[in-house]
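Below, each chain spelled out in residue letters.
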Amino acid sequence: MTEQTTQVASSELDVQDVVKRAIELNDYSYLLEKVPYSQFIGMSVARFGDEMVFRLPAKDDNIGNPILPAIHGGVIAGFMEMSAIVQLMVFMQAKKVPKIVDFSIDYLRAGLHQDTFAECKITRQGRRVANVSINCWQTNRKQLIATARAHFLLD
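Residues numbered from 1 in each chain as written. Predicted model: local features only at pLDDT ≥ 70, side-chain atom pairs only at ≥ 80, totals over all residues. Heavy atoms only, no water.

## Observations concerning the pattern of salt bridges
Tallied over the entire structure, the rule returns 4 salt bridges. A salt bridge links glutamate 51 to arginine 141, with the shortest nitrogen-to-oxygen separation between them at 3.1 Å. With glutamate 51 in strand 2 (residues 51-56) and arginine 141 in the loop between strand 7 (129-137) and strand 8 (144-153), the pair connects residues that are 90 residues apart, well separated along the chain. With a relative accessible area of 39%, arginine 141 lands in the partly exposed category. Salt-bridge contacts for arginine 149 lead to aspartate 106; the nearest nitrogen and oxygen are separated by 3.4 Å. One end of the pair, arginine 149, is in strand 8; the other, aspartate 106, is in strand 5 (residues 99-107), with 43 residues separating them in the sequence. On the basis of relative accessible area, arginine 149 is assigned to the partly exposed category, the value being 37%. According to the relative accessible area criterion, aspartate 106 is partly exposed, its value standing at 33%. (Salt bridge = Lys/Arg side-chain N within 4 Å of Asp/Glu carboxyl O. Helix = DSSP H or I, 4+ residues; strand = E, 2+ residues; numbered from the N terminus. Buried < 20%, exposed > 50% of the residue type's maximum accessible area, 1.4 Å probe, protein only.)

As structure tokens, this is what we get:
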């Protein structure tokens with residue numbers, strides 16, 4: 001086995017072990033700690049049965065418009081994309097991190113400087129591609145601040 005193949009095999013085992021540990025302990029902070037961007041924006045997740053709710057805390061570093069103040073649109077999009085990736089990894093018990101193929105977001109209203117939440121729904125999962133819809137809100141699930149659709153390569 002070459003050194004590169006060994007590194008790839010090792011990284012695959014690491015991802016699978018991290019996901020497995022998170023599922024067994026029902027503690028996804030260990031999984032999120034492995035992703036520098038999720039640490040930077042401060043996201044967390046809680047699982048309630050088959051439902052996962054992701055949280056982006058009010059954080060000054062995430063502000064894009066200090067006049068309103070409002071969360072930067074890129075932070076909202078990154079939070080939603082990371083939420084979809086983590087949801088897929090957990091429910092697929094992934095051996096690899098899914099690769100983004102396409103991500104489309106609709107901003108519906110300003111994300112104010114307060115806690116923000118996201119919920120993902122895997123709408124189709126084939127052998128190679130998964131489609132995920134993501135809803136993002138702040139104080140009321142029915143008043144979305146953004147909605148997104150993402151396609152991921154699983155293989």
